[in-house]
Each structure stands twice: as C-alpha cells, then as structure tokens.
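Summary of the model geometry
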Amino acid sequence: MRFRKRRGQAISLLLACHPLPAATMTVALTIAAALSGRSGVECLLVAATVASGQLTIGWINDVVDRDRDRQTGRQDKPVAMGWIDPGTVNFATTCMVLLVIPLSVANGTAAGVAHLAAVLSAWMYNFYFKRTVLSWLPYAVSFGLLPAFLSYGGLGGGYHGGPPTIAMTVLAALLGIGIHFLNTLPDLVEDNEMGLRHLPLRIALRIGATRLLWISTAFTALVSVGIVITALTVGLRQ
C-alpha cells in the first residue's frame, strides 16, 4: 500500500510539472548546446540545468492555478484533481530550487545568472503577468535570455564564452512571444470565463481565435526559420 501511494505521488509530480513542454525545452537547448560545440559533459550539464528549472516552473504553475483548474474541470491537473497535496508539490519545488541554483552556476557565472533570471521571469508569469496585457513579457524575457545562457556557458564557475549576437537574442525573444500565444489559445474560453485578460485573449476577442491561431502559427514558424538561418550565418556568440 505504501509503495502504491509513493508511486502515485511520483506520477502525480511528473504530470504536474508539464512534462511535454519541459522535455521539449530540455531537448531543444541540449541540442543547441551540442551544435554550438559544447562537450558531452557540458551538454549533460545543460540538460540537467534546464530540466530542473522547467520542473519548478511547471510545479508552480499547477499550484498557483489549482483553483482555476478545478473550476474549469481540468482532468489533467493533479493538484486541482486532489491527486497530490499542494504542500508536497511546494516541497518538491523548494528542493528543486536548491538544485537548480548550483547547476546553473556550474555552467559559468554569467550563464548561471542568465538561466536563473529566465526561470525567475517564468515564475513571475505564473504569479502575476498571465492575467494582464503584459502576459507576453515574461516569455520574451525568458526566451531572450537563453542565448546568453548558451553563449556564456562552459564547465565550472567563472567566466566563459562571450555575449550572444543581438540577432539571436531578439529572435529568441520573439520565439517566446509566439510560443506564449500558441500555449494560451487552447484555453481562451476558460480564461475568458475566469476573467483573465492576457494579450492573446484580448486580440482573439477582436479578430477571432481561428485567425489568431493562423497568425501565431505563421509567426512562430517564421521566427524559428529565422533562428536556424541566423545560427548558420551570424552564429550564437559575438
């Protein structure tokens, strides 16, 4: 019985961290690190660092949104469904914060600061910005800091690498905005009923959700292509 309970808690924690976006971010940044010439050990460090940060972001989101998720009948939210206590998730988040800080710094001082600032920006989205017209801002900041995390990255504390190119930084920030719009589109009806007024909802109320979907998809695709072209021509680091 105790084993089943522990297994259920572990599965609930996994589901509460938003595993698909977390895995996508981890894999994408690890691949980017490998393509930028980082060693195998450094790529593993990047993967561990990004994964730990993404876990905190997902867990905080599920705890903060538990009442809203419960009211809208979300069946895929463990905290809202009562499968796991919010205190347990908060404890796991605290433990992961104690892990992500040294992991971030282990990539180098500048890279660590960039990554921690990106994670903090994502937390601020969960706590406040997701309800406002500035909902896009934390996404732009978090994604815009990721090129610095990679370009300054190395192994061990201290200063490594150099600043990212302006083009890559701007494109990464724009990619974050596009992903923000795509992430919010499936929940527009529920967000409207709950009184949230983030930027995608405000725009959708004016032009329609379908049109916004096409615009957001095209925008994100074009920015993604721009990032690939910039990586092959201008590069990541100045």
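These remarks concern the structure in this document.

Analysis parameters
Residues numbered from 1 in each chain as written. Predicted model: local features only at pLDDT ≥ 70, side-chain atom pairs only at ≥ 80, totals over all residues. Heavy atoms only, no water. Helix = DSSP H or I, 4+ residues; strand = E, 2+ residues; numbered from the N terminus. Rg over C-alpha atoms; globule rule 2.2 N^0.38 Å. Buried < 20%, exposed > 50% of the residue type's maximum accessible area, 1.4 Å probe, protein only. Areas by Shrake-Rupley, 256 points an atom, 1.4 Å probe, with all protein chains shown as cover. Lys, Arg positive; Asp, Glu negative; His and termini not counted. Charge placed at Lys NZ, Arg CZ, Asp CG, Glu CD. Salt bridge = Lys/Arg side-chain N within 4 Å of Asp/Glu carboxyl O. Core = buried A, V, L, I, M, F, W, Y, C linked by side-chain atoms within 4.5 Å. Contact = heavy atoms within 4.5 Å. Axes fitted to C-alpha atoms, helices over the stretch in contact; angles between N-to-C directions. Parallel < 35°, antiparallel > 145°, perpendicular 65-115°, else oblique. Left-handed = near helix turned anticlockwise from the far one by under 90°. Nonpolar A, V, L, I, M, F, W, Y, C, P; charged D, E, K, R; others polar. Expected span 1.5 Å × (residues − 1). Patch = residues over 30% accessible without salt bridge, like charges linked within 9 Å, V, L, I, M, F, W, Y side chains within 5 Å. Phe/Tyr/Trp six-rings, centres within 6.5 Å; stacked < 30°, edge-to-face > 60°.

Thoughts on the overall build of the protein
Within the protein, the regular secondary structure consists of twelve helices and zero strands. A compact globule built from 238 residues would reach a C-alpha radius of gyration of about 18 Å, and the protein, at 18 Å, matches this within 12%. C-alpha atoms of the protein, sized along the principal axes, occupy 50 × 50 × 25 Å. Within the protein, the proportion of its 238 residues that are buried is 46%. Working note: accessible area of the protein is about 12,100 Å², and carbon and sulfur atoms make up 70% of it. Taking the 18 positively charged and 11 negatively charged side chains of the protein as two groups, their mean positions are separated by 3 Å.

Some remarks on unusual backbone geometry
Look at His18: it is not a glycine, yet its phi comes out positive at around 60°. Within the secondary structure layout, His18 lies in the loop between α1 (2–16) and α2 (19–35). By relative accessible area, which is 23% here, His18 ends up partly exposed.

A word on the pattern of salt bridges
With the rule as written, the count across this model stands at four salt bridges. Across the salt bridge formed by Glu42 and Arg38, the nearest N and O atoms sit 3.3 Å from each other. In this structure Glu42 comes out as buried when scored by relative accessible area, which is 15%. In this structure, Arg70 engages Asp67 in a salt bridge whose closest nitrogen and oxygen atoms are separated by 2.9 Å. Here Arg70 and its partner Asp67 are both found in helix α4 (residues 66–71), three residues apart, which amounts to about one turn of the helix.

Some points on the nonpolar core
Leu29 and Phe149 are the most contacted members of the largest nonpolar core, which has 24 residues in total. For this core, the elements supplying multiple residues, two or more each, are α2, α3 (40–64), α7 (109–127), α8 (136–151), α9 (166–184) and α12 (209–233). Take this core: its biggest share by element is six residues, from α8. Beyond its immediate sequence surroundings of up to four residues, Phe149 is in contact with Val46, Thr49, Val50, Asn107, Ala111, Ala114 and His115.

Notes on the packing of α9 against helix α11 (residues 199–207)
In contact at an axis separation of 9 Å, α9 and α11 are set at 65° when each is read in the N-to-C sense. It follows that α9 is roughly perpendicular to α11 by the angle criterion. For the element pair α9 and α11, the recorded crossing hand is right-handed. For the pair formed by α9 and α11, the contact residues are His180, Phe181 and Thr184 on the first element and Leu199, Pro200 and Ile203 on the second.

Observations concerning the packing of α8 against α9
Relative orientation of the contacting elements α8 and α9 amounts to 140°, with a least axis distance of 7 Å. The orientation of α8 relative to α9 falls into the category oblique. In terms of crossing hand, the pair formed by α8 and α9 is right-handed. The residues of α9 that touch α8, namely those facing Trp136, Tyr139, Ala140, Phe143, Gly144 and Pro147, are Met168, Thr169, Ala172, Ala173, Leu175, Gly176, Ile177, Ile179, His180 and Asn183. By residue class, the composition of the contact of α8 with α9 is eleven nonpolar, five polar and no charged.

Considerations on α3
Taking 1.5 Å of rise per residue, 25 residues should cover 36 Å, and α3 covers 36 Å from first to last C-alpha, within 8% of that figure. Among the 25 residues of α3, 18 are classified as buried, and the element is accordingly described as predominantly covered.

Some thoughts on a nonpolar patch on the surface
The grouping of Val64, Leu120, Met124, Phe127 and Tyr128 at the surface amounts to a nonpolar patch, some 460 Å² of accessible area in total. Among the structural elements, Met124 can be located in helix α7. Residue Met124 is classed as partly exposed on the basis of its relative accessible area of 37%.

A look at the packing of aromatic side chains
A full pass over the atoms with the stated rule returns four aromatic pairs. Their ring planes at 85° and their centres at 5.1 Å tell us that Tyr125 and Tyr139 sit as a pair that is edge-to-face. Linking Tyr125 in helix α7 with Tyr139 in helix α8, this pair joins segments that are 14 residues apart in sequence. Owing to a relative accessible area of 9%, Tyr125 belongs among the buried residues under this scheme. Note on Tyr139 and Phe143: the rings are 6.4 Å apart at their centroids and 10° apart in plane angle, and the pair reads as stacked. Residue Tyr139 and its partner Phe143 are located together in helix α8, separated by four residues, close to a single helical turn. The exposure class of Tyr139 is buried, given its relative accessible area of 17%. By relative accessible area, Phe143 is classed as buried at 13%. What links up through ring pairs into an aromatic cluster is the set Tyr125, Tyr139 and Phe143.

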